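Structural overview for review
Spelled out, the chains give:
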Amino acid sequence: EQERDHFNFLVKAGVIVGSGGLIFGYDIGVIAGTLGQLQSSFQLTEFEEGLVVSIIYAGATLGSCVGGYICDSLGRWRTIHLQNGVFILGAIVAAAAQNIAT
């Protein structure tokens, strides 16, 4: 019985982790797909295009480095709310951007 519970937990954890990777890959695909529009709207150089695509990796790296500590100190529920707030703020900033610097 205990082994079955452990197996079920591992399956659920694997599905959650796998779906997170799938969503991350989808986000990268969306960003790569919009590069043409970004280039025409903001007249990006090749370096700036690379910066736009690679910044998501920097955010993921930072999040993975500090996420556990934040979760340990705030708890899961507050961490999820904090994450949602950061996501909403990022969407607002991205929508209001007038150039690559803003």
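Placed above this text is the structure.
Summary of the structure given here.

Cut-off values and rules
Residues numbered from 1 in each chain as written. Predicted model: local features only at pLDDT ≥ 70, side-chain atom pairs only at ≥ 80, totals over all residues. Heavy atoms only, no water. Disulfide = S-S within 2.5 Å. Buried < 20%, exposed > 50% of the residue type's maximum accessible area, 1.4 Å probe, protein only. Axes fitted to C-alpha atoms, helices over the stretch in contact; angles between N-to-C directions. Helix = DSSP H or I, 4+ residues; strand = E, 2+ residues; numbered from the N terminus. Parallel < 35°, antiparallel > 145°, perpendicular 65-115°, else oblique. Left-handed = near helix turned anticlockwise from the far one by under 90°. Contact = heavy atoms within 4.5 Å. 1 Å grid on protein atoms, 1.4 Å probe; cavity = no way out; pocket = protein on both sides within 12 Å on 5 of 7 lines; lining within 4 Å. Points joined across faces, edges and corners; volume = space filled by probe spheres on them. Nonpolar A, V, L, I, M, F, W, Y, C, P; charged D, E, K, R; others polar. Expected span 1.5 Å × (residues − 1). Bend = angle between axes of the 7 residues up to and from the residue.

1. Considerations on the state of the cysteines
Counted according to the given criterion, the structure contains 0 disulfides. Free of any disulfide, cysteine 65 has its nearest cysteine sulfur in cysteine 71, 15 Å distant. Residue class for cysteine 71 comes out partly exposed when judged on its relative accessible area of 27%.

2. Side note on the packing of helix α1 (residues 2–33) against helix α3 (residues 46–74)
Where α1 meets α3, the axes come as close as 9 Å, and the angle between the chain directions of the two elements is 155 degrees. Taken together, the axes of α1 and α3 lie roughly antiparallel to each other. The handedness of the crossing between α1 and α3 comes out as right-handed. Along its contact with α1, which presents Phe24, Asp27, Ile28 and Ile31, the element α3 presents Val52, Val53, Ile56, Tyr57 and Ala60.

3. Topic: the environment of aspartate 5
Among the structural elements, aspartate 5 can be located in helix α1. Taking relative accessible area as the criterion, aspartate 5 reaches 43% and is therefore assigned partly exposed. Measuring from C-alpha to C-alpha, the distance between aspartate 5 and tyrosine 26 comes to 32 Å, with 21 residues separating the pair along the chain.

4. Regarding the layout of surface pockets
Over the atoms a probe the size of a water molecule is rolled, and this reveals where empty space is left. Taken as a whole, the largest pocket spans an internal volume of roughly 2,100 Å³. Lining of the largest pocket is provided by 42 residues; of these, Ile56, Gly59, Ala60, Val86 and Phe87 occupy positions nearest its centre. Considered class by class, the residues forming the lining of the largest pocket number 26 nonpolar, 14 polar and 2 charged.

5. Topic: unusual backbone geometry
For glutamine 43, which is not glycine, the phi torsion reads 50 degrees and is therefore positive. Within the secondary structure, glutamine 43 sits in the loop between α2 (35–42) and α3. Look at glutamine 43 and you get exposed, because its relative accessible area is 56%.

6. Some details on α3
Taking 1.5 Å per residue, 29 residues should reach 42 Å; α3 reaches 40 Å between its end C-alpha atoms and fits that length. The sharpest bend along α3 reaches about 40 degrees and sits at valine 66. Phi turns positive one or two residues past the end of α3, at glycine 75, with a value near 95 degrees.

Read these as spatial facts, not as claims about activity.
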